[in-house]
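A closer look at the structure
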Amino acid sequence: MVTFFDSRTAFFLSMVQVLLCSLIEEGAAQGNFIIMHTVACIVAIDTLQELTKRSQLIRTAICVFLSYSIMYAALTIIEEGNITAIDPHTFACFAINAVMLSFAYVIIFVFERVFGFVSKVTLVELADINNPLLQELSEKCPGTFQHSVQLSNLVAEAAREIGANSQLARAGALYHDIGKMDNPAFFTENQHDVNPHEVLTPEQSAKIVIRHVTDGLKRAEKEKLPMEIRNFILEHHAETLPNISIQQLATTTVETRSTRRLSHTLARTRAARRRRCS
């Protein structure tokens, strides 16, 4: 659960499961059941907070096995007062339980597909720059790709500082501008001495600039990116206006006003000359 939720939520849900399962036990066995599984849950949550490598599952499995074994041995000695009361077969059950943790990758995949969750493992895979979609972005929009990589590093560091999900921030930043691949030359970071906006009206420029958001969403849906990543594409401009269109519109407005003033001046001059001639 810690792969989908924060540690606090994972611990709460784990404790609910432990308490419900403890109802099958009675007397002292019930208390031992709760203690052993609570310790195992804490160990599993602590060792899986940042699941980014398969080797972490092996480390977690070993830690869980050791926690079960130590707690079982300690509780048995406390109750029985004799080390010979420890049943070796119980350790075999703990070992089987630890081996079952290796199936967590399969369970994570199923939960993502069925319930729409996004695990940190998936976020790490999406943040790999060798991902086909990011490779296409680097080829078609090299400037946008460099911008996205730099931004991902910045937001990931900021997310770590405030305790947010740094992996989600990194992945979202890498994909937020994929809509620019449809019209790469219309964005400053991909231009080389030629600006196609110079031959367009401000309205046309604004439509092209703004459309990279909807184009990005279409690509994200086609590539079946998680909804969390699509939200980055949809919201990364918030309510800001495209600067290029504002600048062009201001320039056009100034030029239009100057032209009108010149026309009015010429018209008044011609009218004055006609009156003099008459």
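The structure we're discussing is the one just above.
Description of the structure in this document. Keep in mind that what you see is a predicted model, and the values were worked out from it rather than measured. Note that residues are indexed from 1 along each chain, following the sequence as it is written. Thresholds applied to this predicted model are a pLDDT of at least 70 for local features of residues and 80 or more for the giving and counting of side-chain atom pairs; totals over whole chains, interfaces and linings are not thresholded and use all residues. Only heavy atoms go into the side-chain values, all of them from the structure, while hydrogens and water stay out.

1. Quick word on the overall build of the chain
Only DSSP runs of H or I with at least four residues qualify as helices, and only runs of E with at least two residues qualify as strands; both kinds are numbered from the N terminus onward. For the chain, the helix and strand inventory stands at twelve helices and zero strands. Listing every helix and strand of the chain by position from the N terminus yields α-α-α-α-α-α-α-α-α-α-α-α. Burial classes follow relative accessibility: with a 1.4 Å probe on protein chains only, a residue under 20% of its type's maximum area counts as buried, one over 50% as exposed, and anything between as partly exposed. Taken over 278 residues, the chain has a buried fraction of 36%. Throughout, a residue-residue contact means that at least one pair of heavy atoms, one from each residue, lies within 4.5 Å. Of the contacts made within the chain by residues no fewer than 6 positions apart, 62% connect residues no fewer than 24 positions apart. Accessible surface for the chain amounts to roughly 17800 Å². Of this, 61% is attributable to carbon and sulfur atoms. Using a 1.4 Å probe, accessible areas were evaluated by the Shrake-Rupley method; residue-level cover was limited to the displayed protein chains.

2. Re helix H1 (residues 7-21)
Each full turn of the α-helix corresponds to 3.6 residues, which orients residues three or four apart in the same direction. Over its 15 residues, H1 runs 21 Å from end to end, which matches the ideal 21 Å to within 8%, given 1.5 Å per residue. Of all the residues in H1, the buried ones are Ala10, Ser14, Met15 and Val18. What you see down the axis of H1 is that its buried residues fit within an arc of 130°, all on one side. For H1, the exposed residues set more than 90 degrees away from the buried face come down to Arg8, Phe12 and Leu20. Looking at the buried side of H1, the elements it contacts are helix H2 (28-47). Multiplying one less than the number of residues by 1.5 Å gives the expected span of a helix. Relevant arc is that of directions from the helix axis to the C-beta atoms, nothing else.

3. Concerning the environment of Gln135
Tracing the backbone through its elements, the reader meets Gln135 in helix H7 (residues 132-140). Residue Gln135 is classed as partly exposed on the basis of its relative accessible area, which comes to 30%. Between the C-alpha atom of Gln135 and that of Phe145, which follows or precedes it by ten residues, the distance is 8.9 Å. Contact partners of Gln135, with chain neighbours within four places excluded, come to Ile129 and Asn130.

4. Side note on the packing of helix H10 (residues 202-222) against helix H11 (residues 227-235)
Axis lines are fitted to C-alpha atoms, over the contacting stretch for helices. Their N-to-C directions set the angle, which ranges from 0 to 180 degrees. Interhelical geometry of H10 versus H11 gives an angle of 165° and a closest axis separation of 8 Å. By the criterion of interaxial angle, the relationship of H10 to H11 is roughly antiparallel. The element H10 and its partner H11 pack so that their crossing is right-handed. Between H10 and H11, the residues in contact are Val213, Gly216, Leu217, Ala220 and Glu221 and Arg230, Ile233 and Leu234, respectively. The nonpolar class holds Ala, Val, Leu, Ile, Met, Phe, Trp, Tyr, Cys and Pro. Asp, Glu, Lys and Arg form the charged class, and all remaining residues, Gly among them, are polar. In terms of residue class, the contact of H10 with H11 is built from five nonpolar, one polar and two charged. These descriptions rest on fixed angle ranges, namely under 35 degrees for roughly parallel, over 145 for roughly antiparallel, 65 to 115 for roughly perpendicular, and the rest for oblique. Crossing handedness is defined as follows: a turn of the near helix away from the far one that is anticlockwise and smaller than a right angle gives a left-handed crossing, while the clockwise case is right-handed.

5. Topic: the nonpolar core
Ranked by size, the top nonpolar core spans 19 residues in total, and within it Leu137, Tyr175, Ile178, Leu225 and Ile229 carry the most contacts. Elements with a contribution of two residues or more to this core: helix H6 (120-126), H7, helix H9 (166-175), H10 and H11. Joining through side-chain atoms within 4.5 Å is the link that ties buried Ala, Val, Leu, Ile, Met, Phe, Trp, Tyr and Cys residues into a set, and such a set is a nonpolar core. In this structure, Tyr68, Met71, Leu75 and Ile86 belong to the second largest nonpolar core, which totals ten residues.

6. A closer look at the packing of helix H8 (residues 142-162) against H9
A pair of packed helices is characterised by two quantities: the angle between their axes and the separation of those axes. Look at H8 against H9: their axes get within 8 Å of each other, and the N-to-C directions meet at 160°. In this view, H8 runs roughly antiparallel relative to H9, as classed from their interaxial angle. In the crossing of H8 with H9, the sense of the turn from one axis to the other is right-handed. Mapping the contact onto sequence places Ser148, Val149, Leu151, Ser152, Asn153, Val155, Ala156, Ala159 and Arg160 in H8 and Ser166, Ala169, Arg170, Ala173 and Leu174 in H9. Residue composition of the contact of H8 with H9, by class: eight nonpolar, four polar and two charged.

7. Considerations on the side chain of Asn183
Within the secondary structure layout, Asn183 lies in the loop between H9 and H10. Aside from chain neighbours lying at most four places away, what touches Asn183 is Ile208, Arg211 and Asp215.

8. Observations concerning the environment of Ser7
Relative to the helices and strands, Ser7 resides in helix H1. Overall, the relative accessible area of 28% leaves Ser7 in the partly exposed class. For the pair formed by Ser7 and Gln49, sequence separation is 42 residues and the distance between their alpha carbons is 7.0 Å.

9. Some points on helix H3 (residues 55-80)
Taking 1.5 Å of rise per residue, the 26 residues of H3 would be expected to cover 38 Å, and the 38 Å separating its terminal C-alpha atoms lies within 8% of that figure. The first or second residue beyond H3 is Gly81, which carries a positive phi of 70°.

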